[in-house]
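What follows is the residue order along each chain.
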Amino acid sequence: MNFTRWACLGLMLGSFTAPARGDLRWTEEIAATVTSEVDAGTYGQVTSVLILSNGAPVYERYFNGADAATLHDTRSVGKTVTGMLAGIAVDQGVLALEAPLAVHFTDLQPFVYPDPRKSALTLEDLLTMSGPLECNDWNQFSRGNEERMYVVEDWSRFFWDLPIRGFPGWETPPDQTEYGRAFSYCTAGVQVVGDAIQRATGEDLEAFAQAHLFGPLGIDTYEWPRTGAGVLHLGGGLRLNTRDWARLGELQRQGGLHEGEQLISEGWTQASITPQAVINGGPGFLYGYLWWLADRDSAVGTVRYAAMNGNGGNRVFVVPEHDLTVVLTKTDYNTREMHQQAEAFFIDVIAAHLN
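My aim in this report is to walk through the structure given alongside it, one point at a time. Remember, predicted model here, so these are calculated numbers, not experimental data.

A few words on the nonpolar core. In terms of nonpolar packing, the biggest core is built from 105 residues, with Phe159, Trp160, Leu213, Trp245 and Leu248 touching the most fellow members. Of the residues forming this core, the biggest block, eight residues, is contributed by helix 3 (residues 77-92). Apart from residues no more than four positions distant in its own chain, Trp245 is found in contact with His72, Thr74, Val77, Gly78, Val81, Leu238, Leu240, Met308, Val316 and Val327.

Structure (structure tokens):
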């Protein structure tokens, strides 16, 4: 995999405008206003806010019964952690981004609905939510909808036995999209990413995470439920405290470097936040390797962010050009305005105070 090629791709395609530069302007008065707005429910049922500027906390508050020790249920925010672990496995050479994944699942073969496109499915297909299988969590009728997966024991078999996705005339096929990929949000595919790491390394994924990610970062308290088959729930089960979510965001912001140790290659971190697909139905969202990407207006021009994104409006925002990592945890699960409130928080609290 040529990471330099991917890191330059977004600039060549012109999908993002040139990012603005500037520091976060933060005062006690601004902090008091933010606290007041959160208390008033402007951004929903917020449980924590942590803002780091160049690695140093400038604001940390807990709300609605939470404290620094609370392990937050951030739902799909944890998907991005699975992507980080995939990057480590690729860096180690045990998985290849563009090689077929089916070779690691011979025990589940023959798959239902056999097809050459299924056999050719790659790690990159799953990290970009653009594989060939019919899997869409945002469509209640999809055979691959995550709610159907949760009621069966073997989630990897559930994924591999899905049919090939179709593109009727009212949908845009991959070869006609901007990045040559048709985005379809698929939790089952993220589950298979983690299972593939386990199979390729021969190591339980929790032990792998402890050795190569959590341990070096100092993350030692968490909850990570398992499936009926004993595999970690990788699409939204991981619970961490706010500061530990920030550690992961900071790792991305610093190009995979932590206290002088390169935990994830800089090439992978850059590729992860390079646009790979357009997210349907979102206000200008693009997608990298399990990272949400967006450009937003600010007082100093366009500001670019990458985010771990979860149900309820949970976010870990990373703004590399401004040396910012921002954690917002909420409990507004499945509510109409949950994501809009998180966007409003970023615009009102972060973008509005850059100078």
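Pairing in this open sheet of eight strands is antiparallel, and the strands run 2-1-12-11-10-9-8-7 from one edge to the other. The two strands at the open ends of the sheet, each matched to only one other strand, are strand 2 (56-62) and strand 7 (277-278). Where strand 9 (residues 292-298) meets strand 10 (residues 301-310), seven bridges bridge the pair, whose relative direction is antiparallel. Counterpart to Ala294 in the pairing with strand 10 is Tyr305. Most of the contacts of helix 10 (residues 242-253) go to strand 12 (residues 324-330), to which it runs at about 145 degrees, and overall it touches strand 1 (46-53), strand 2, strand 10, strand 11 (314-319) and strand 12.

Let's shift gears to the pattern of salt bridges. Close approach of charged atoms lets side chains of opposite charge pair. Taken as a whole and assessed by the stated rule, the structure comprises 16 salt bridges. Here Arg226 ties to Glu206 by a salt bridge, and the two come within 2.9 Å at their closest N and O atoms. Taken together, the residues span a long stretch of sequence, with Arg226 in the loop between helix 9 (205-217) and strand 4 (239-240) and Glu206 in helix 9 at a distance of 20 residues. Overall, the relative accessible area of 36% leaves Arg226 in the partly exposed class. A relative accessible area of 22% places Glu206 in the partly exposed class. Where Arg247 meets Asp244, a salt bridge forms, and the shortest distance between an N and an O atom there is 2.6 Å. Taken together, the residues Arg247 and Asp244, both in helix 10 and three residues apart, mark about one turn of the helix. Exposure remark for Asp244: the relative accessible area of 4% places this residue in the buried category. Several salt bridges converge on common partners, so that one network encompasses Asp73, Arg75 and Arg239.

Thresholds applied
For every chain, the first residue of the written sequence is number 1, and numbering continues from 1 onward in sequence order. With the structure being a predicted model, the display of local features is reserved for residues of pLDDT at least 70 and the display and counting of side-chain atom pairs for 80 or more, all residues being used for whole-chain, interface and lining totals. Note that water and hydrogens are dropped before the side-chain values are worked out from all heavy atoms of the structure. Working definition of a nonpolar core: buried Ala, Val, Leu, Ile, Met, Phe, Trp, Tyr and Cys residues. They are joined through side-chain atoms within 4.5 Å. The cut-offs for exposure are 20% and 50% of the maximum accessible area for each residue type, with area from a 1.4 Å probe on protein chains only; residues under the lower value are buried, those over the upper are exposed, and the others partly exposed. Labels follow the DSSP assignment, with helices taken as runs of H or I lasting at least four residues and strands as runs of E lasting at least two, numbered in each case from the N terminus. Two residues form a contact once any of their heavy atoms are found within 4.5 Å. Pairing between two strands is assigned when DSSP locates at least 2 bridges connecting them. Under this scheme, a helix contributes an axis fitted over its contacting stretch, all axes are lines through C-alpha atoms, and angles between N-to-C directions fall in the 0 to 180 degree range. Put simply, a salt bridge is a Lys or Arg side-chain nitrogen that is within 4 Å of an Asp or Glu carboxyl oxygen.

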